[in-house]
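Residue-level listing of the chains:
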Amino acid sequence: MLMLLLANVLIPVGMIIFMAGLFRSRPLLEVTDIPSPSLETRVHNAPFDKVIFMMVDALRTDFVFSKDGGFPFTQGLIRSGAAVPITALSAMPTLTLSRIKALTQGSSQSFLDAWLNVVNWPEDSRLDGGDTWLARLKASRADQKELVFHGIEEWVDLYPDVFDRMETFASFQLPNLVHSDRNITENLSRELARDDWTALILHYLGLDCVAHLGGPRSAHMRPKQLEMDAVVKEIYTALVHEPHMQDTLFVLLGDHGMTAQGNHGGRLPEELAAATVFISPKLGAMAQPRRSSPLDVAEDYLYYSAVNQIDLVPTLSGLMGFPIPSTNAGIFIPDMLSAFDDDTKAVEFLLENAKQIHRALRISTRSPNKAIDLDDDKNFKERHDDLDRSDDRWKAVLLAEKAWVDLPSREASEDLKFVAAAQSVLLISVDNISVSRLQVGVSCLAAAVMLAYASLPSLGLGSWSLFIATAIHSATMLVPTLVEEEHHFWFWGSLLWLVFLSVLRSRRSGFGLAYLGLISVHFVGQCINKHGTAYSIADYIDDLIFASPVFIWIPALLSHVSASVLIAKNLRSTLGRWMAAVVSVALCAAAFGFKLASAYGHNPESLSFVPVYATELVASLPQDLLLQAFWTGLLACSFFFIWQRRGPYSPTSSFVGMELSPAETATTVVLLGQSAFYSMGRDNTIASLDLVNGFNSLDGTSVIGVVVQSFLTNWIGPVWWSLAGLRLLTWWHQGRHSRAIPTLQNGYANGGHQTSHQNGNGHAEITKPAPKKAAKPQVIDVVVVTNDDFSEYLTIQTLFSALSSLAFDMACIYIWGHEDLWNIYAPKFINAFLWVVFHQFMFNGLACSVMWFLVAN
């Protein structure tokens, strides 16, 4: 048992160490200045001297550019030529913290930001003295003008020494659809009237909150878009009428897009496509082509010109006249070249951009922080080809520059060819990976595998089945496309396992009805899930529910009624029939009431079929009190049930007709638990994780409560099967050891009392004095879960966790150097890490301790 305990400790420890070696901040490159014209000359000749940087969180391209969008005023500016629309493609991870860094530094980001974006620790996020366009702009104005910020606190956490005046609010709390954005807008008119700033940064979060809570089709979405469009109108009006705003550049942009569920973090087209619009009355007077707006809805979310999001950094540098940050990998956006008053200035800046990127490329390829030598890594062959190609084009740039000095009339084609080739190399994320930590993490997991295997008492059919499934699953980890489509493995693997159990049980006992029912339900569950089979009808169901929301409330109501019946059944023997019914109904009514009130607040369209007086009643329900009452009641019932069943179990009917051995139980829990995770709409991307519901009735200070609720929200399927495994294990013991004899329901004889002793098999027996009509005492053989069977079940679970974690870590090392490590494996690693840590600590520690308490007392 000691070896098994040590294995359960080594698994999360190994994963933590491996993650610490894999997800690290990017290596710091030296900050250098590139030879360029004097700063005073650049600032004086720049087309603009101020910038308003308005970031609308999760502003997807179709919200602004399509006919379905809610930005009519902005679309009018595009038609007039006063606005230049761009599709800015963000990079992984599509999370706010990572995008802020990319949009200020002009470089690709580490996947460590995915973790920092969640934990939100300012001391780990801050980048004091970072080389950003914010710092360069501030230095170029010699402190004569201030940098002002209004928005979420992440900006100030990252760059605490940049802003001179600021007003921030916490973003990682219970989302607020109104007040946070309203506070920014209320301060906006005062800031527009002042002439003491050179950059005004605004970050509106409300649209992202609407998306997380209700998706892009939420009833709150279009009003929020119209609200942001009204802000654009207010700013543009100031640009036109305020004398000190005549040379101000207004940039409206999003940091990322969103999925159909309102989430982000992955690399789907709708997550990468962020709207960006350069706005100024001066642009209308320049040689700008007249663009149509709005456009038809684009399925790929690409509107107008598509550029990399980091291209915004050198574009701002050229338009504002400050030096380009040395770590920048962005390219000046060609559509904005017309903002220069002559071609000579445009070519000069493009040449400066090319020199800066060439220097950054040389520094990057010579970085001493690389964990693996490029020359010895087969995965970098394509990278070497890109380097050679960029070198050839850089030589062409130098030749063209020499010719241009003699006759300044050439175009910037050579510059653009070079920077495009160089950018493809710089955007490959080469993080500061620690090989030693990776090795220690793998060693811990390998030791956990050996300890778990040594603790396994025997290898039965169920054990071999799980080993085969684990081996196949481990092999799929080496193929990136199979990692992206991992849900298919668990769906079909669990389905085949149920079929196997059905055939096996039919041969043993001729009873397979329960399994046939599970097989049917399991297949139907795949068909209605968006990640399911080729016969998935999820899209049709989604459209049906959106058109007729009553269909979503019917199963919701039935599930709460079913839960109420089950809770009452478990409490009836102690509380009595009526009291158990009252407690169960009150508990489920609180949960259903919260669901109604929450849906009305976040998705009022889902209750469109309800009469007005009923919706007013729902709106008045206190959500926080309802949810707190539910959790309190549920915990009380759980502890009461554990106390009630603290003695030996009595024989009961089997769970959904399944009577499985410990090995078969472990295999069932693993396969169906993993399948349930994907059936709940999750996948191997951060975008599928639901973090918003973790804040239900809580605020950002309730760390433990938020963590627990977030975990249960996302992993409730695997958690349910883990707890169901304990029940399956119990009934295995009942079927194996119980030889119960029916007893009379009446009481014992007067003065009688019960005694207990151990029978020949080592099982507890309770001897009860016979009733008056009985001739001799009756013996009831109760069930006691033995150490061997319980250890076998726990060992198989542990062995699977250790083997699968080890295989995935080895796959990450194998794929190192390829962009798939960050695009596919990193999000999968975060999901696997969270589940393994929580499962090993919370389930194998807490749930198994509870089980041990039940059988030991």
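Residues numbered from 1 in each chain as written. Predicted model: local features only at pLDDT ≥ 70, side-chain atom pairs only at ≥ 80, totals over all residues. Heavy atoms only, no water.

If you check an unreviewed UniProt entry, the protein appears there as GPI ethanolamine phosphate transferase 2 from Xylaria arbuscula. As its UniProt record puts it under Pathway (unreviewed entry), the protein is described as follows: "Glycolipid biosynthesis; glycosylphosphatidylinositol-anchor biosynthesis." Turning to the protein, the UniProt record has this under Function (unreviewed entry): "Ethanolamine phosphate transferase involved in glycosylphosphatidylinositol-anchor biosynthesis. Transfers ethanolamine phosphate to the GPI second mannose." (UniProt positions renumbered as here; feature names shortened; annotations may be inferred.)

We now examine the confidence of the model for the protein. For the protein, per-residue confidence averages 77 on the pLDDT scale, and residues scoring 70 or more make up 72% of the total. Segment residues 648-653 is flagged for pLDDT under 50; beyond a separation of four residues in sequence, or across chains, it makes 14 contacts in the model. Low pLDDT, under 50, characterises residues 738-786; the stretch is placed with 72 contacts to residues that sit more than four places away or in other chains. (pLDDT = per-residue confidence, 0-100. Contact = heavy atoms within 4.5 Å.)

The next thing to look at is the packing of helix α26 (residues 577-602) against helix α27 (residues 612-619). Direction vectors running N to C along α26 and α27 enclose 105 degrees, while the axes themselves pass 8 Å from each other. As far as their axial angle goes, α27 and α26 are roughly perpendicular. Two secondary-structure elements touch here, α26 through Leu596, Ala597 and Tyr600 and α27 through Thr615, Val618 and Ala619. Among the residues forming the contact of α26 with α27, the class breakdown is 5 nonpolar, 1 polar and no charged. (Axes fitted to C-alpha atoms, helices over the stretch in contact; angles between N-to-C directions. Helix = DSSP H or I, 4+ residues; strand = E, 2+ residues; numbered from the N terminus. Parallel < 35°, antiparallel > 145°, perpendicular 65-115°, else oblique. Nonpolar A, V, L, I, M, F, W, Y, C, P; charged D, E, K, R; others polar.)

Let's shift gears to helix α11 (residues 206-214). Of all the 9 residues making up α11, 7 are buried; the element is thus mostly covered by neighbouring parts of the structure. Residues of α11 that are buried include every one of Gly206, Leu207, Asp208, Cys209, Val210, Ala211 and Leu213, and no others. Looking one or two residues past α11, glycine 215 carries a phi angle of roughly 80 degrees, positive in sign. (Buried < 20%, exposed > 50% of the residue type's maximum accessible area, 1.4 Å probe, protein only.)

The next point concerns the packing of aromatic side chains. For the structure shown, the criterion picks out 25 aromatic pairs. A centroid spacing of 6.1 Å and a plane angle of 65 degrees characterise the contact between phenylalanine 73 and tyrosine 236, whose relative ring orientation is edge-to-face. Of this pair, phenylalanine 73 sits in helix α4 (residues 72-80) while tyrosine 236 is found in helix α12 (residues 221-241), placing the two residues 163 residues apart along the sequence. Among the residues examined, phenylalanine 73 registers a relative accessible area of 24% and is labelled partly exposed. Note on phenylalanine 332 and phenylalanine 349: the rings are 5.4 Å apart at their centroids and 70 degrees apart in plane angle, and the pair reads as edge-to-face. Of this pair, phenylalanine 332 sits in the loop between α15 (312-320) and α16 (343-365) while phenylalanine 349 sits in helix α16, and the two are 17 residues apart along the sequence. With respect to burial, phenylalanine 332 and phenylalanine 349 carry one shared label: buried. Within the aromatic cluster, the residues linked to one another by ring pairs are Phe53, Trp133, Phe149, Trp155, Phe163 and Phe322. The cationic tip of lysine 50 hangs over the ring face of tryptophan 197; the distance from NZ or CZ to the ring centre is 4.9 Å. The ring of tryptophan 578 has arginine 577 sitting right over it, with the charged end atom 5.8 Å from the ring centre. (Phe/Tyr/Trp six-rings, centres within 6.5 Å; stacked < 30°, edge-to-face > 60°. Lys NZ or Arg CZ within 6 Å of the ring centre and 35° of its normal.)

Where like charges cluster on the molecular surface, the positive patch consists of Lys569, Arg572, Arg577 and Arg727. When its relative accessible area of 62% is taken as the criterion, arginine 577 is described as exposed. (Patch = residues over 30% accessible without salt bridge, like charges linked within 9 Å, V, L, I, M, F, W, Y side chains within 5 Å. Areas by Shrake-Rupley, 256 points an atom, 1.4 Å probe, with all protein chains shown as cover. Salt bridge = Lys/Arg side-chain N within 4 Å of Asp/Glu carboxyl O. Lys, Arg positive; Asp, Glu negative; His and termini not counted. Charge placed at Lys NZ, Arg CZ, Asp CG, Glu CD.)

Feature annotation in UniProt places "transmembrane region" (unreviewed entry) on residues 489-506, 513-532, 544-566, 578-600, 625-643, 799-817 and 829-855, given in this structure's numbering. Helix makes up 100% of residues 489-506 and strand 0%. Its end C-alpha atoms lie 26 Å apart.

It is a probe the size of a water molecule, rolled over the atoms, that shows where empty space is left. Applying the stated criterion across every chain yields a total of 5 cavities of 30 Å³ or more. If you add up the space inside the largest cavity, you get close to 340 Å³. Lining the largest cavity we find 25 residues, and of these Gln674, Phe800, Ser804, Trp835 and Val836 sit closest to its centre. Among the elements of the structure, α22 (486-509), α29 (662-679), α30 (703-737), α31 (787-814) and α32 (820-856) are those that each provide at least two residues to the lining of the largest cavity. Classifying every residue of the lining of the largest cavity by side-chain character gives 12 nonpolar, 11 polar and 2 charged. (1 Å grid on protein atoms, 1.4 Å probe; cavity = no way out; pocket = protein on both sides within 12 Å on 5 of 7 lines; lining within 4 Å. Points joined across faces, edges and corners; volume = space filled by probe spheres on them.)

What follows deals with unusual backbone geometry. With an omega of -10 degrees, the peptide bond between methionine 92 and proline 93 qualifies as cis. Positionally, proline 93 belongs in the loop between β2 (83-89) and α5 (96-105). Serine 293 connects to proline 294 through a cis peptide bond whose omega is 0 degrees. With respect to the helices and strands, the residue proline 294 is situated in the loop between α14 (281-285) and β8 (305-308). Positive phi values are uncommon outside glycine, yet alanine 58 reaches one of about 65 degrees. With respect to the helices and strands, the residue alanine 58 is situated in the loop between β1 (50-56) and α3 (61-65). Taking the relative accessible area as the measure of exposure, alanine 58 reaches 0% and is therefore buried. Although it is not a glycine, tyrosine 301 adopts a positive phi angle of roughly 65 degrees. Take tyrosine 301: it is sitting in the loop between α14 and β8.

Our focus in this paragraph is the environment of tryptophan 631. Mapping tryptophan 631 onto the fold places it in helix α28 (residues 623-644). Residue class for tryptophan 631 comes out partly exposed when judged on its relative accessible area of 28%. Spatially, the C-alpha atom of tryptophan 631 lies 8.9 Å from that of alanine 591, the residues being 40 residues apart in sequence. In this structure, tryptophan 631 is in contact with Gln709 and Leu712, ignoring residues within four places of it in sequence.

Attention now moves to the state of the cysteines. Under the criterion given, the structure shown has 0 disulfides. With no disulfide of its own, cysteine 637 lies 9.3 Å from the sulfur of cysteine 588, the closest cysteine sulfur. (Disulfide = S-S within 2.5 Å.)

Judged by pairing direction, the sheet is mixed, and its 8 strands sit side by side in the order β4-β3-β5-β1-β6-β7-β2-β8 without closing on themselves. In the strand order of this sheet, the two ends are held by β4 (165-169) and β8, each with one partner. The mean inter-strand angle of the sheet, taken between neighbouring strand axes irrespective of direction, is 20 degrees. Strand direction decides the pairing type here: β2 and strand β7 (residues 273-279), joined by 7 bridges, are antiparallel. Bridge pairing in β7 links threonine 87 to alanine 275. In this fold α12 packs onto β1, β5 (197-204), β6 (248-253) and β7, with an angle of close to 175 degrees to the strand it touches most, β1. (Pairing = 2+ DSSP bridges.)

Let us now look at a nonpolar patch on the surface. The grouping of Leu544, Val550, Phe551, Ile554, Leu558 and Phe609 at the surface amounts to a nonpolar patch, some 540 Å² of accessible area in total. Counting residues per element, the nonpolar patch draws most heavily on helix α25 (residues 550-575), at 4 residues. Relative to the elements of secondary structure, isoleucine 554 occurs in helix α25. Classification of isoleucine 554 as partly exposed rests on a relative accessible area of 45%.

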